[in-house]
Amino acid sequence: MTGHNRHCFTYGSLMIPHIMFEVCGMKPAAVPAVLEDHRRHPVRGEDYPGMVATPGHAVSGVLYLDLPPAALARLDAFEGEQYQRSAVTVVDAAGRQLAAEAYVFRPEYADLLLPGDWDVAAFEREGRQRFELKFVGKRGD
């Protein structure tokens, strides 16, 4: 990684490239990746998930490569107080381990997490449009 750029592992709404572009203001290169010993849960009353450390589970997501500090600052603001950007190690499709940042759900908000896994297909089918209207589609022309 060059300079202070960081890879960012995403596992929810930000896996969708145009949402990531709207949030961070750029179109970073992206590869599939897996984060071991974590689990992605639904968040009560929301269309987005929260991820917590959970031994024996793994989360599949999208790793965005070489994000500059300005893009990470925009992501920090977007993710808000429920999440903490944490250093993680992910595995890409070639089996390489890569250092990355990921937004992990803060323990003090754990009571908002529902049991079971967040349903990516349901988000694509039902939640994505609601999510985009609420979080992305706020800008005028």
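Model, not experiment: these values are computed from the prediction.

### Quick word on the overall build of the protein chain
Helices and strands together make up the secondary structure of the protein chain, namely three helices and five strands. Walking the protein chain from its N terminus toward its C terminus, one meets helices and strands in the order β-α-β-β-α-β-β-α. Taking 141 residues into account, the globule formula puts the C-alpha radius of gyration at 14 Å, and the protein chain, at 14 Å, falls close to it. With respect to the three principal axes, the spread of C-alpha positions in the protein chain is 45 × 35 × 30 Å. Summarising the internal contacts of the protein chain: among those between residues at least 6 apart in sequence, 71% fall at separations of at least 24. Carbon and sulfur atoms make up 53% of the accessible area of the protein chain, which totals about 7700 Å². Positive and negative charge centroids in the protein chain, built from 15 and 19 side chains respectively, lie 3 Å apart.

### Things to note about the UniProt feature "domain: Gamma-glutamylcyclotransferase AIG2-like" (unreviewed entry) in the protein chain
Here the UniProt feature "domain: Gamma-glutamylcyclotransferase AIG2-like" (unreviewed entry) sits at residues 8–119. A distance of 21 Å separates the end C-alpha atoms of residues 8–119, which is 17% helix and 48% strand.

### Notes on the environment of Ala 58
As for its position among the elements, Ala 58 is in strand E3 (residues 49–67). Excluding residues that lie within four positions of it along the chain, Ala 58 makes contacts with Val 34, Leu 35, Glu 36, Asp 37 and His 38.

### Some details on the side chain of Ser 13
Along the chain, the position of Ser 13 falls in the loop between strand E1 (6–10) and helix H1 (17–24). A relative accessible area of 6% means that Ser 13 is categorised as buried.

### Side note on the environment of Val 52
Residue placement: Val 52 occurs in strand E3. Taking the C-alpha atoms as reference points, Val 52 and Arg 39, separated by 13 residues in sequence, lie 5.6 Å from one another. If we ignore the near neighbours within four places in the chain, the residues touching Val 52 are His 38, Arg 39, His 41, Val 104, Phe 105 and Leu 113.

### Here we look at the packing of H1 against helix H2 (residues 69–79)
In a packed pair of helices, the relevant descriptors are the angle between the two axes and the axis-to-axis distance. Put simply, H1 and H2 touch, their axes get as near as 8 Å, and they point 100 degrees apart. In this view, H1 runs roughly perpendicular relative to H2, as classed from their interaxial angle. Across the interface between the two elements, Met 20, Glu 22, Val 23 and Cys 24 from H1 touch Ala 71, Arg 74, Leu 75 and Phe 78 from H2. Within the contact of H1 with H2, the residues separate by chemical class into six nonpolar, no polar and two charged.

### Examining the sheet that holds strand E5 (residues 97–105)
Reading around the barrel, the five strands line up as E1-E3-E2-E4-E5 and close back on themselves, with mixed pairing between neighbours. Neighbour-to-neighbour, the strand axes of this sheet turn through a mean angle of 45 degrees, independent of strand direction. Here E1 runs beside E5; their pairing, made up of two bridges, is parallel. The partner of Cys 8 across the bridge, within E5, is Glu 101.

### Thoughts on the side chain of Asn 5
Relative to the elements of secondary structure, Asn 5 occurs in the segment before E1. Of note is the side chain of Asn 5, whose polar atom sits 3.4 Å from the backbone oxygen of Asp 66. Once residues within four sequence positions are removed from consideration, Asn 5 is found in contact with Asp 66, Leu 67, Pro 68 and Pro 69.

Rules behind the numbers
Residues numbered from 1 in each chain as written. Predicted model: local features only at pLDDT ≥ 70, side-chain atom pairs only at ≥ 80, totals over all residues. Heavy atoms only, no water. Helix = DSSP H or I, 4+ residues; strand = E, 2+ residues; numbered from the N terminus. Rg over C-alpha atoms; globule rule 2.2 N^0.38 Å. Contact = heavy atoms within 4.5 Å. Areas by Shrake-Rupley, 256 points an atom, 1.4 Å probe, with all protein chains shown as cover. Lys, Arg positive; Asp, Glu negative; His and termini not counted. Charge placed at Lys NZ, Arg CZ, Asp CG, Glu CD. UniProt positions renumbered as here; feature names shortened; annotations may be inferred. Buried < 20%, exposed > 50% of the residue type's maximum accessible area, 1.4 Å probe, protein only. Axes fitted to C-alpha atoms, helices over the stretch in contact; angles between N-to-C directions. Parallel < 35°, antiparallel > 145°, perpendicular 65-115°, else oblique. Nonpolar A, V, L, I, M, F, W, Y, C, P; charged D, E, K, R; others polar. Pairing = 2+ DSSP bridges. Polar contact = N/O pair within 3.5 Å; in protein donor to acceptor, adjacent residues only side chain to side chain.

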